Amino acid sequence: QLQLVESGGGLVQAGGSLRLSCAASGSIFNINTMGWYHQAPGKQRELVATITRAGSTNYADSVKGRFTISRDNAKNTVYLQMNSLKPEDTAVYYCNAHIWTSWFAQSDYWGQGTQVTVSS
């Protein structure tokens, strides 16, 4: 069974740092773009950052210069280093990956989410 497992969330004071990890496991043929999204209470899920297999990155304006996305293709893992955290970064963070399970089958997969809370 293919799954994405996240870790690294928690409670941190404003200005602090956290590092999220997301590992994909199961019947994986190839992984294209991986990314992180967040969803605050009462709001829609929003893009935080994405990274292609080749390493090209894209960030939401609100996190540019503070967050860094990276990945280890050998481990099927994506990371999100979050620095200079602000209370408005508080949300559930979800990992996303576009995964090929064979030459013909592909789909988007989501992790279960990890809570990040930034206190002021």
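Before any of the text, the structure's been laid out above.
Residues numbered from 1 in each chain as written. Predicted model: local features only at pLDDT ≥ 70, side-chain atom pairs only at ≥ 80, totals over all residues. Heavy atoms only, no water.

## Describing a nonpolar patch on the surface
Convention followed: Patches draw on residues past 30% relative accessible area with no salt bridge. Two like charges within 9 Å are joined, as are two nonpolar side chains (Val, Leu, Ile, Met, Phe, Trp, Tyr) within 5 Å. Method for areas: the Shrake-Rupley scheme with a 1.4 Å probe, in which residue coverage is limited to the protein chains shown. Salt bridge criterion: a side-chain nitrogen from Lys or Arg within 4 Å of a carboxyl oxygen from Asp or Glu. Numbering goes from the N terminus for both helices and strands, where a helix is a DSSP run of H or I of at least four residues and a strand is a run of E of at least two.
Taken together, Phe 29, Trp 103 and Phe 104 make up a surface patch of nonpolar side chains, about 470 Å² in accessible area. Of note, Phe 104 is situated in the loop between strand S9 (91–100) and strand S10 (106–110).

## Side note on the sheet that holds strand S7 (residues 67–72)
Neighbouring strands of a sheet are bound in pairs by backbone hydrogen bonds; such pairs are parallel or else antiparallel. Defined as follows: Two strands qualify as a pair provided that DSSP identifies no fewer than 2 bridges between them. For helices, the fitted line uses only the C-alpha atoms of the stretch in contact; every axis is such a line through C-alpha atoms, and the angle between N-to-C directions lies from 0 to 180 degrees.
Read across the sheet, 4 strands follow the order S1-S3-S8-S7 without closing on themselves; strand pairing throughout is antiparallel. Where the open sheet ends on each side, the last strands, each with one partner, are strand S1 (3–7) and S7. Averaged over all neighbouring strand pairs, the angle between strand axes comes to 15°, with direction disregarded.

## Side note on the pattern of salt bridges
Quick reminder of the rule: Burial status follows relative accessibility: with a 1.4 Å probe on protein chains alone, a residue under 20% of its type maximum counts as buried, one over 50% as exposed, and anything between as partly exposed.
One pass over the full model with this rule turns up 2 salt bridges. Here Asp 61 and Lys 64 are joined by a salt bridge, their closest N and O atoms 3.1 Å apart. Exposure class is identical for Asp 61 and Lys 64. Each is exposed. One salt bridge connects Asp 89 with Arg 66, and the closest N-O pair in it is separated by 2.8 Å. Pair noted here: Asp 89 is in the loop between strand S8 (77–82) and S9 and Arg 66 is in the loop between strand S6 (57–59) and S7, with a separation of 23 residues, a long-range link.

## Regarding the side chain of Glu 6
To keep it simple, the criterion reads: In this tally Asp and Glu are treated as negative and Lys and Arg as positive; neither His nor the chain ends contributes. Nitrogen and oxygen atoms within 3.5 Å of one another constitute a polar contact, given that in protein one can donate a hydrogen and the other can accept it, and given that sequence-neighbouring residues count only through two side-chain atoms. Should any heavy atoms of two residues lie within 4.5 Å, those residues are considered in contact.
Mapping Glu 6 onto the fold places it in strand S1. Buried and unpaired, Glu 6 has no salt bridge, with Arg 45 as the nearest side chain of opposite charge at 7.7 Å. Within the structure, the side chain of Glu 6 is placed 2.5 Å from the backbone nitrogen of Cys 95, a separation counted as a polar contact. At 2.4 Å, the side chain of Glu 6 and the backbone nitrogen of Gly 113 are in polar contact. Not counting chain neighbours up to four residues away, the residues in contact with Glu 6 comprise Ser 21, Cys 22, Trp 36, Tyr 93, Tyr 94, Cys 95, Gly 111, Gln 112, Gly 113 and Thr 114.

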